[in-house]
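Given next are the chains, with one letter for each unit.
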Amino acid sequence: MENTKKRSFSAIQPSGTITLGNYLGAIRNWVNMQDDFECIFAIADLHTITVRQEPSALRKHSIELLAMLLAAGIDPEKSLLFCQSHVHQHAELAWVLNCYTQMGELSRMTQFKDKSAKHANNINAGLFTYPTLMAADILLYKADVVPVGEDQKQHLELSRDIAGRFNSTYSDTFVLPEPYIIKSGARVMSLQNPTSKMSKSDENVNGFIALTDDEDTIIRKFKRAVTDSETTVEYREGKYGINNLLNIYSAVTGKTVIEAAKEFSGKGYGDFKLAVGEAVAAHLKPIQERYKDYIGNKDYIVSVYTKSAGIASKIAESTLRKVYKKVGFLQK
Ligand code: ATP
Ligand code: LTN
């Protein structure tokens, strides 16, 4: 029977310990999509070296991330899961796409502006061309949809622009990918600075919940979460800290933010923060238990990413060949 499912591609960087933001904004949706889409997932290790990494830490984060994705419910029987650096076509297509992307387009990317401000001593060319590598990731597999958090929307729009430009210069080659953003959890904010997003590379560990944090740590971090000087739990413009906690509570309990706010009306911030911490810890517990099994079984992880990379590479090669032919390279 012909496969009529739409194809989905997404990736995540092994740049640190995966956070509640990554989970609620992206990974949880990846897990839920596996029956309805043909899913391809990658560890974006090529992207990660745009910020200087300790090699041993990068290896450790990559294995931990793979174990966590399996624990969260990525099923290698249904989906592909591999390392970007193992499929060389990503870097090759990225080079071609660089030649169809304008400096002006790349300089408008907010992630580039944020990251170059944060890493002012290492504003390398890779950081600048990060979005063309991301476009290559997606376009190689002719993905219809790309499940990401809100922060990646701009990169996706650029991927569509690059794909459209290539198609109209030559002929239909790439599928124009659609972002697939699920509202609940799409933008989890830092617990210490609720106007900026929760990020795994945050130097302040109290700003994020790592998926491996134990219950006590989770509750402690929520207790310390920055809120405001008022006393009522309500969802309202300007109450950034409380809104963030209500969003998180809603995302892990399935209640709406309005229901959640009602549940805590008349209660103090202390009770509310404790309840959010407990709900998050309970939600993560089964994932953490499965994680312990996977991280102890490195051979299994290696077998998963090796097999997936082999399959991915065949799909990627077929797209790359077409691109090389269209731009006018001699055929091998
Ligand atoms: P870094 O801190 O190294 O930039 P990151 O934590 O932002 O990393 P990425 O690997 O860049 O994470 O992103 C992986 C996925 O998680 C992406 O789909 C991204 O949109 C999503 N994501 C990241 N942070 C959040 C957040 N705070 N809320 C919701 N989704 C998020
Ligand atoms: N830049 C993404 C990670 C990423 C990605 C991709 C996401 C790399 N390649 C392709 C979707 C599709 C991020 O989440 N920061």
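Before reading on, note that the structure itself is shown above.
Here, residues in each chain are numbered from 1, in the same order as that chain's written sequence. Throughout, the order in which chains and ligands are written sets their labels, letters from A for the former and numbers from 1 for the latter. At least 70 in pLDDT is required for a residue's local features to be given in this predicted model, at least 80 for side-chain atom pairs to be given and counted, and no such filter applies to totals for whole chains, interfaces and linings, which use all residues. Side-chain figures throughout are based on the complete set of non-hydrogen atoms in the structure, without hydrogens or water.

**Remarks on the overall build of the chain**
The numbering of helices and of strands both runs from the N terminus, where a helix is a DSSP run of H or I of at least 4 residues and a strand a run of E of at least 2. Regarding its fold elements, the chain presents 13 helices and five strands. In terms of overall dimensions, the chain has a C-alpha envelope of 70 × 45 × 40 Å along the principal axes. Counting across all 332 residues of the chain, residues that qualify as buried make up 51%. Accessible surface, the chain as shown: approximately 15900 Å² in total, 52% of it carbon and sulfur. Of the charged side chains in the chain, 41 are positive and 38 negative; the average position of the first set lies 3 Å away from that of the second. Summary of the burial criterion: residues with accessible area below 20% of their type's maximum are buried, those above 50% are exposed, and those between are partly exposed, where the area comes from a 1.4 Å probe applied to protein chains only. All accessible-area figures derive from a Shrake-Rupley calculation using a 1.4 Å probe, and residue coverage is judged against the displayed protein chains alone. Neither His nor the chain ends contribute to the count of charged residues, in which Lys and Arg are positive and Asp and Glu negative. Charge positions are represented by NZ for Lys, CZ for Arg, CG for Asp and CD for Glu.

**Thoughts on helix α13 (residues 298–327)**
The terminal C-alpha atoms of α13 lie 42 Å apart, and with 30 residues this matches the ideal 44 Å at 1.5 Å per residue to within 8%. Considered for burial, the residues of α13 that qualify are Ile-301, Val-304, Tyr-305, Ser-308, Ala-309, Ala-312, Ala-316, Thr-319, Leu-320, Val-323 and Tyr-324. Contacts are assigned to residue pairs with any non-hydrogen atoms lying within 4.5 Å of each other. Turning to α13, the residues buried within the fold contact α3 (55–72), β3 (80–83), α4 (89–98), α7 (125–140), α8 (153–169) and α12 (269–295). In the stretch just after α13, Gly-328 is the one whose phi turns positive, near 110°. Helices are assigned an expected span. That span is 1.5 Å times one less than the residue count.

**Looking at the packing of aromatic side chains**
The criterion for an aromatic pair is that two Phe, Tyr or Trp rings (for Trp, the six-membered ring) have centres within 6.5 Å, with stacked assigned to planes under 30 degrees apart, edge-to-face to planes over 60 apart and tilted to the rest. The tally for this structure, following the rule as stated, stands at 13 aromatic pairs. Each ring, one from Tyr-100 and one from Tyr-170, has its centre 6.0 Å from the other, and the planes form 70°; the classification is edge-to-face. One end of the pair, Tyr-100, is in the loop between α4 and α5 (103–107); the other, Tyr-170, is in the loop between α8 and β5 (178–180), with 70 residues separating them in the sequence. Following the ring pairs from residue to residue traces out a cluster consisting of Tyr-100, Phe-166, Tyr-170 and Phe-174. In this analysis the charged atom, NZ for Lys or CZ for Arg, is taken to sit over a ring once it is within 6 Å of the ring centre and within 35 degrees of the ring normal. For Lys-221, the ring lying beneath its charged end belongs to Phe-208, and the centroid distance is 5.0 Å.

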